[in-house]
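Examination of the molecular architecture
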2 protein chains.
Amino acid sequence: MKFRTKTRYGMRAIVEIAKADRKKGILQKDISKNQGISIKYLDQIVHALKEAGLIENVKGKKSGYRITRNASDITVHQIHLAFEPEIAVIDCLSKDVECRLEDVCHTISFWTGLNQVIINYFNEVTLQDLMEGRNLHSQ
Amino acid sequence: MKFRTKTRYGMRAIVEIAKADRKKGILQKDISKNQGISIKYLDQIVHALKEAGLIENVKGKKSGYRITRNASDITVHQIHLAFEPEIAVIDCLSKDVECRLEDVCHTISFWTGLNQVIINYFNEVTLQDLMEGRNLHSQ
DNA sequence: ATATATCCGACTGTTTTAGTAGGATATAAT
DNA sequence: ATTATATCCTACTAAAACAGTCGGATATAT
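To keep things clear, this report deals only with the structure shown in the data block. Residue indices follow the written sequence of each chain, beginning from 1 at its first position. Ligands are numbered from 1 and chains lettered from A, in the order in which they are written. At least 70 in pLDDT is required for a residue's local features to be given in this predicted model, at least 80 for side-chain atom pairs to be given and counted, and no such filter applies to totals for whole chains, interfaces and linings, which use all residues. As a rule here, side-chain values come from all non-hydrogen atoms in the structure, and water together with hydrogens is ignored.

1. A short note on the relation of the copies chain A and chain B
Test applied: When the copies are overlaid, the least-squares fit takes in C-alpha atoms only where the residue has pLDDT of at least 70 in both copies.
The transform that puts chain A on chain B rotates by 180° and translates by 0.0 Å along the axis, for an RMSD of 0.0 Å. Expressed as an axis order, the relation between the two copies is that of a two-fold axis. Nearest to the rotation axis, the C-alpha of Met1 of chain A is located 2.8 Å from it, this being the minimum over chain A.

As structure tokens, this is what we get:
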């Protein structure tokens, strides 16, 4: 039960972008350098963040990524959705899967509960929290 | 971010065992039939549960698995440990990995928090809850 | 024109996963 | 004792997922 590298790197990348000068933004190149992630791999990651509408830039020579809204208005859940279609800790919980084992499988509501706990946490934490390194598990 | 089939099946198997007659127990064969899991695959799963000390049986012709203590004294966390060495949503959180990116990675406390949220949930839910199909995510 | 930087799809080696196979061992029944 | 049953336990394999690279197209500033 691990998160994929893309998701992890994606989080680091958007924090880097959020910390950049709001006007100039930051280049892939510099995110790559600062975070120690190959520029080609980062390419895909940044692209996903852009497709999700979380960051913006101009194309061409004088680019530079910026977040599209305040860091406090971007949740980790939204960032996560840039890299995964949904949160579903087991396939049965996926939108497009139907569970046909209700009678014999007594674990579904446990998994549903776990899924919800994760979603709640993801909705609670914002990009602003990440930037500030706020401690979140003390609750 | 999915749980492995072994863990899922393992949970279903131990619920089946917990529901069995406390004296006679239940055979692999019957768990297999009831849960629709191949007997050979189940073999490994039941074995893991036994190694973890959660179930017991006698070997040989007249076997039958039983849980070793009350269902209310077995947490999902303990069951999970039968199939995974630890709960660590990213490698950095693993016992035997040291994170060397504190300076550049601003996401570690987020992941630590998530990990803790999951561990707390796993500690809260017992085998008894699973057996009763108790609804747990309403909190 | 040219240099820079993003865009975007295809590809590949590695690792993980799910599940099978086969035989060893222990016990109950005959 | 022998046989049937059931677990124990290791090894193996096909398929899927993953991490990361590569190449080239496109857009823009100078």
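Next comes the rest of the account.
2. Notes on the interface of chain A and chain B
To keep it simple, the criterion reads: In this analysis, two residues are considered to be in contact whenever any of their non-hydrogen atoms come within 4.5 Å of each other. Values labelled buried area give the accessible surface lost by two parts on being combined, using a 1.4 Å probe and summing over both. Salt bridges, as used here, are contacts in which a Lys or Arg side-chain nitrogen is within 4 Å of a carboxyl oxygen on Asp or Glu. Two N or O atoms form a polar contact when they lie within 3.5 Å of each other; inside protein one atom must be a possible hydrogen donor and the other a possible acceptor, and for residues adjacent in sequence the pair counts only when both atoms belong to side chains. Secondary structure elements are defined from DSSP: runs of H or I of at least 4 residues count as helices, runs of E of at least 2 residues count as strands, and each element is numbered from the N terminus.
Contact residues are listed per partner, giving 41 residues for chain A and 41 residues for chain B. In this assembly, chain A packs against chain B so that about 3,900 Å² is buried in total across both faces, 70% of it on carbon and sulfur atoms. Of all residues in chain A, the largest losses of buried area upon contact with chain B belong to Met1, His106 and Phe110 of chain A, amounting jointly to 20% of the total for that side. At the boundary of chain A and chain B, one finds two salt bridges. A salt bridge links Lys2 of chain B to Asp91 of chain A; the nearest nitrogen and oxygen atoms lie 3.7 Å apart. Our enumeration of links across chain A and chain B arrives at 12 residue pairs in polar contact (both at pLDDT 80 or more). Sorting the residues of the side of chain A that touches chain B by element identifies helix H1 (5–19), helix H2 (28–35), helix H5 (108–124) and helix H6 (127–131) of chain A as the ones contributing at least two each.

3. Remarks on the packing of aromatic side chains
The cut-off we apply is this: Under the pairing criterion, centres of Phe, Tyr and Trp rings, with the six-membered ring standing for Trp, must be within 6.5 Å; the plane angle then separates stacked pairs below 30 degrees from edge-to-face pairs above 60, leaving the rest tilted. For every residue, the accessible area obtained with a 1.4 Å probe (protein chains only) is divided by the maximum for its type, and the residue is called buried under 20%, exposed over 50%, and partly exposed between those limits.
Applying the stated rule across the entire model yields 12 aromatic pairs over all chains. On the basis of an interplanar angle of 65° and a centroid distance of 4.9 Å, the ring pair of Phe110 of chain A and Trp111 of chain A is categorised as edge-to-face. A centroid spacing of 5.2 Å and a plane angle of 20° characterise the contact between Tyr121 of chain A and Phe110 of chain B, whose relative ring orientation is stacked. Here the residue Tyr121 of chain A occupies a position in helix H5, and Phe110 of chain B occupies one in helix H5 (residues 108–124), the pair thus bridging two chains. We note that Tyr121 of chain A, like Phe110 of chain B, is buried. An aromatic cluster is defined as three or more aromatic residues linked by ring pairs; in this entry it consists of Phe3, Tyr121 and Phe122 of chain A together with Phe110 and Trp111 of chain B.

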